[in-house]
Structures are given as structure tokens and as C-alpha cells.
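One letter stands for each residue in the lines below.
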Amino acid sequence: MFALMQSSRLESLYLSVDPATGLKAVIAIHCSRPGPALGGCRYLSYPDDESAVADAVRLAQGMSYKAALAGLPVGGGVAVIMRPAHVDSRAALFEAFGRFIEQLDGRYITAIDSGTSVADMDCIAQQTRHVTSTTAAGDPAPHAAMGVFAGIRATAMARLGSDNLESLRVAIQGLGNVGYALAEQLHAAGAELLVSDIDPGKVQLAMEQLGAHPIANDALLSTPCDILAPCGLGGVLNSHSVAQLRCSAVAGSAHNQLSNLQVADQLERRGILYAPDYVINSGGLIYVALKHRGEELPTITAHLSKIGARLTEVFAHAQAEKRSPARVADELAERLLYR
């Protein structure tokens, strides 16, 4: 565990159990130099404790990099709750998690993430003020999608020479809150949508409302398109899957899309432009961080609009240095965090 922390430069790792509610939670704080660590809370099933800790550590590092490149006065952290096979009261479990957060005295602020909801954040808020994405704060998903949309336009400009998305073929993997909101924005811009999701109901809805073309989950990555937008869980890009890609660029909302940095180099060798995930998907963090500080929507929207410019900067550096944008983004973030 200490080796994992040292290799990722993680500051702190907190574990908590509450037998009465079934809570088993991990909070990883990667860097708190810019301010309190802020990041989502995942509520997922994990095969073992080590997998939950490793997921928290990876995500916390990504949140630090994301906040740094977004110019936010917060550090990076993430919470992971191991979903039990049976829980008597979900509300009680999340209230227990709220008490865990309160013990950290403001070092970590939590938010919505995979497997959690606004209602869960409301339960946490009964025990601590160090939470956002509540009913009062609002769902960050539409704002995350807005940022990804801006990032896709910047990616299209860098790779295809135009940010006009009309008739562009965009393959969206995952139609969750962010993925579907992104599909709506792309449809409004005239893009042709290819979609997949493990929930056939979401695919059917996208077909009916957005004229999307359904693609089998196991066939989407190898389907010809201009831009692939991974919007589900992470780890979708590995040496095997990248070899199958038939796209010009990858730009989506999913966290930790790369299984490792060598995959980024493989994308570069194949001539596929990669939009670093923690840059393009920073809209959700921007929204929750600024909303938690009490900023108004126009200020938040103005900050969101800078995502495209930041990606363009990363792409320009990568092209000049003939390196993967993923490696360039990591170095830029580390320079900001540890200068």
C-alpha cells in the first residue's frame, strides 16, 4: 500500500468501516497544496479490497491533475465505497460516510460519481458540510457534458482541421448522465451518432430522440468513425482495443481511459489524436468546485469555455514535441502542482 502511495505521490489514504450500516470506504487525497481535495464518491462492487484502494489512488491522482490544468483552487481526492451485496438502508450507509468525511475536518470535499446520486449527497450533507452535488447545488452532469462538447470541437479542429461537427461521425460508448447529455449536444450540432450502452433502454431512447445508430457493445471500438467518445467506466483503451480502433481521435468523458501510458504512445504511433481524459472531462469538477465556493452560473460557464483552449494548448505542445498529448498533459499538471 505504501509503495502504491509513493509511486503516485499520494499524500494520504483513509479507510473506514461501519458494521452497523455495512460501510467500507476509502478516501484517497493526492495533493492538497492548492486547497482542500475535491473529488467524487464512487459506490461500486469491487472484487477485493486492493482493487478498491487502487481505483481510489488512480482516480485521486487524475483529480489533482484535472484541477491543476483547470486552474481551480482545490486539490485532488476521491472516495470509493465498496458496494455490499446487501444493505438494509442506503440512506444510513451514506450518512455514516458523511460522518467519516466530517472527521477529516475539511481536508476532503465529496461529490457525485459512478454509482452515486444527488439523493446520496443529500444524505451525506446531513452529517457534514464538506459535500457538493446535492439537490441544492445541482447535478454536475450537464456541465461535464458541456465541457466534453467543447473539447470535442477542439479535438476536431486539431485533427480534422475544422470544429464544425455537422455530419461528423461520433461513436459514444456509454449513455449515462454525461454520455446522454453529450449526445444531445452533438445531435443539436448536426453530428451523426453511433451509440452503445449495456442498458438497451438508453440506446432505444437515443434512437428515438436523437436519430442515433445502435452498435453492439463489443463492436463499437472497431466501428469506423471520426471521433470515439468513451463515456462509461475507465480502462477501455488498452493495447488490444487500440489495435482495433478505426477513428481519427478519441475524446470522451470517461475517467482513466488509458490502461497505462504506453497505450497513449500506441495511439500516437497509429495517428489517433487522444484528448487527455482529465482535461476534456473537467467540466464536472469545475462546476462542483465553483458552485461550492458560491460562484454564479455565468462565472462557471465562462470557466467551462476554457476547456477547449486548454486542450488546444496541450495538442500544440504534443505536436511540436512529437509526443502523446497524455504525456504532455501529465508534465504540465505536475509542473503546476509541484513548482
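Residues numbered from 1 in each chain as written. Predicted model: local features only at pLDDT ≥ 70, side-chain atom pairs only at ≥ 80, totals over all residues. Heavy atoms only, no water.

(A) Fine view of the overall build of the protein chain. Looking only at helices and strands, the protein chain features 14 helices and 11 strands. Relative to a compact globule of 339 residues, whose C-alpha radius of gyration would be 20 Å, the protein chain shows 19 Å and is just as compact. Its C-alpha atoms put the protein chain at 55 × 50 × 40 Å along the principal axes. Put simply, of all contacts in the protein chain between residues at least 6 apart along the chain, 64% involve residues at least 24 apart. Within the protein chain, the 33 negative side-chain charges are centred at a point lying 7 Å from the centre of the 27 positive side-chain charges. (Helix = DSSP H or I, 4+ residues; strand = E, 2+ residues; numbered from the N terminus. Rg over C-alpha atoms; globule rule 2.2 N^0.38 Å. Contact = heavy atoms within 4.5 Å. Lys, Arg positive; Asp, Glu negative; His and termini not counted. Charge placed at Lys NZ, Arg CZ, Asp CG, Glu CD.)

(B) Quick peek at the nonpolar core. Ile152, Ile172, Leu175, Leu182, Leu186, Leu193 and Val195 are the most contacted members of the largest nonpolar core, which has 50 residues in total. In terms of residue count, the dominant contributor to this core is helix α5 (residues 141–160) (eight residues). Contact partners of Leu186, with chain neighbours within four places excluded, come to Phe149, Ile152, Leu165, Val170, Ile172, Ala191 and Leu193. Membership of the second largest hydrophobic core comes to 32 residues, among which are Tyr46, Ala67, Leu72 and Ile300. (Core = buried A, V, L, I, M, F, W, Y, C linked by side-chain atoms within 4.5 Å. Buried < 20%, exposed > 50% of the residue type's maximum accessible area, 1.4 Å probe, protein only.)

(C) Representation of the domain arrangement of the protein chain. Once the domains are mapped, the protein chain shows domain 1 (1–61 + 75–126) and domain 2 (140–338). Here the C-alpha centre of domain 2 lies 25 Å away from the C-alpha centre of domain 1. Of the residues lining the interface, 14 residues belong to domain 1; the matching set on domain 2 comes to 10 residues. Interface area for domain 1 against domain 2, summed over the two sides, is near 1,100 Å², with a carbon-plus-sulfur share of 66%. Its largest share of buried area at the contact with domain 2, domain 1 owes to Arg9, Arg33 and Leu38, together 37% of the area lost on that side. (Domains from an automatic or database assignment. Buried area = accessible area lost by both parts, 1.4 Å probe.)

(D) The side chain of Thr110, seen in detail. With respect to the secondary-structure elements, Thr110 resides in strand β5 (residues 108–112). Relative accessible area serves as the criterion here: at 0%, Thr110 is assigned to the buried category. With residues near it in sequence (within four places) discarded, Thr110 still touches Gly39, Gly40, Cys41, Ala79, Phe97, Ile101, Met121, Ile124, His130, Val131 and Thr132.

(E) Spotlight on the layout of surface pockets. Approximately 1,100 Å³ is the volume found for the largest pocket. Lining the largest pocket are 41 residues, with Asp113, Ser114, Val178, Cys231 and Gly232 sitting closest to its centre. At the level of elements, β3 (37–44), α2 (49–70), β5, α5, α6 (177–188) and α11 (283–292) are the ones that each hand at least two residues to the lining of the largest pocket. Residues belonging to the lining of the largest pocket are distributed by class as follows: 17 nonpolar, 17 polar and seven charged. Among the domains, domain 1 (1–61 + 75–126) and domain 2 (140–338) are the pair contributing at least three residues each to the lining of the largest pocket. By volume, the second largest pocket amounts to about 760 Å³. Lining the second largest pocket we find 32 residues, and of these Arg58, Asn256, Gln257, Leu258 and Asp277 sit closest to its centre. Where the lining of the second largest pocket is concerned, the elements lending two or more residues are β3, α2, α10 (277–280) and α14 (325–338). Sorting elements by how many residues they give to the lining of the second largest pocket places α2 first, with 10 residues. When grouped by side-chain class, the residues that make up the lining of the second largest pocket number 13 nonpolar, 12 polar and seven charged. (1 Å grid on protein atoms, 1.4 Å probe; cavity = no way out; pocket = protein on both sides within 12 Å on 5 of 7 lines; lining within 4 Å. Points joined across faces, edges and corners; volume = space filled by probe spheres on them. Nonpolar A, V, L, I, M, F, W, Y, C, P; charged D, E, K, R; others polar.)

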